[in-house]
Amino acid sequence: MKKILFVLFAAALIAGCQKDTGTTVNITSSDIAAINNQLKGAWVFPVQTMSIVDSAGKQLAANQYRTGPAFHFDGGSHVVMMSTLSINKSGIYTLSADKGYIYLNITFSDATVAKYQILQADGSTLKLSSLQPTTYLSGGNIIAANSLTNISLQKQNSADLTASLVRVKVISDSSFNAGVYVTHNVAFPADTLTTLGTTVQNTTGSFTYSFVGHSGDILKVDVFGSIPKTTFCAYYNGMPIDGKLDTNYNEIVTGSGWRIP
C-alpha cells in the first residue's frame, strides 16, 4: 500500500499532486501559490491549544487553552499579526515545503521570527502548528520535551465586520459552570445601564455565547472549574479582546479592561 505523508488541506488544493510510492508528497511551486491564495484575507476567532510532548509525541501534560493571535495576509508576502484589537505587528512571510509538509515562515518588523506548519488551509478554516524545545519536570527529574502549540482560525466574512457581535467561548477538559454578562452603556438621554447574560452549568468541552455589542459595553465572564484545564476567549467582530483576569480557587473572573471599543 502506498504510504503518504500529507498536509490536511482541502483536497482541491493539492489535487494536482501525484501520490508517491515513497514517504513524501511532491509539492510543487504551483501548489505553494495555490495555498498562498487560500491564505489571502483575515483569519479571526483564534483559539490556541498548548501541550507538552516528549520526543516521540506522547503528551506529558494536560492541554492549556487561550486566545491566539489573528492574522491578515495580503496574498503576496505581507502579514499583520493581531494579538488584540489594539496590539498588532507586521511582518514578511514566505511558504516553504519540506518532506511533504508546508510551512509558514514569518519575520516580523521587530526582528522576531515564527515558523508554523500549516495543517489546514481552505476557504473557511486555517490551522497552524508550531513545536518549540522546552523542559518538563517529571518525578523530580527535568527531561527534554517540546511545547506543541496549535492555533485554529476562521476566515473573516462580511458579517464578521458589520454585525458588531461579541463572542465568548469557554473551553475546558473538565466540568465547569460559566456566566457571561454584558452591561450596555446606552447613549444619552436614555443612558440607563442595562444588563443581559446567560449561565451554563456542569458542562464539559466548550460553550459559546454571542450578543450584539455597543461601544462602551462592559463584559463580565465568571467561570468555575479547574483553572489549569479551563479558559475562555472573547472576540469583537472576530478580533481578540482582553483585559485583567482574577483567579481564585477554581474560579476565573474578568477584572478591569474588558470593554468594547
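Everything here concerns the structure above.
What counts and how
Residues numbered from 1 in each chain as written. Predicted model: local features only at pLDDT ≥ 70, side-chain atom pairs only at ≥ 80, totals over all residues. Heavy atoms only, no water. Helix = DSSP H or I, 4+ residues; strand = E, 2+ residues; numbered from the N terminus. Buried < 20%, exposed > 50% of the residue type's maximum accessible area, 1.4 Å probe, protein only. Contact = heavy atoms within 4.5 Å. Areas by Shrake-Rupley, 256 points an atom, 1.4 Å probe, with all protein chains shown as cover. Phe/Tyr/Trp six-rings, centres within 6.5 Å; stacked < 30°, edge-to-face > 60°. Lys NZ or Arg CZ within 6 Å of the ring centre and 35° of its normal.

J.: Before we move on, could you go through the overall build of the protein chain and cite the residues and values that matter?
T.: Of regular secondary structure, the protein chain possesses 2 helices and 16 strands. Burial status across the protein chain gives 41% buried among its 261 residues. Taking all contacts inside the protein chain whose residues are at least 6 apart in sequence as the whole, residues at least 24 apart take part in 57%. As displayed, the protein chain has an accessible area near 13700 Å², and 53% of this comes from carbon and sulfur atoms.

J.: I'd like to hear about the packing of aromatic side chains, residue by residue, with values.
T.: Across all of its chains, the model carries 6 aromatic pairs by this definition. Relative to Tyr235, the ring of Phe45 has its centre 5.3 Å away and its plane inclined at 75°; by these criteria the two rings are edge-to-face. Placement of the pair is Phe45 in strand β1 (residues 41–53) and Tyr235 in strand β13 (residues 230–236), with a sequence separation of 190 residues. For the pair Phe45 and Tyr235, a shared accessibility class is recorded, and that class is buried. Measuring from centroid to centroid gives 6.1 Å for Tyr209 and Phe211, while their planes differ by 40°, and the two rings are tilted. Ring pairs connect the aromatic residues Phe71, Phe73, Tyr93 and Tyr116, which therefore count as one cluster. The residue whose ring lies beneath Lys89 is Phe108, and the NZ or CZ to ring-centre distance is 4.5 Å. Here the basic side chain of Arg167 rests over the ring of Phe45, its NZ or CZ set 3.7 Å away from the ring centre.

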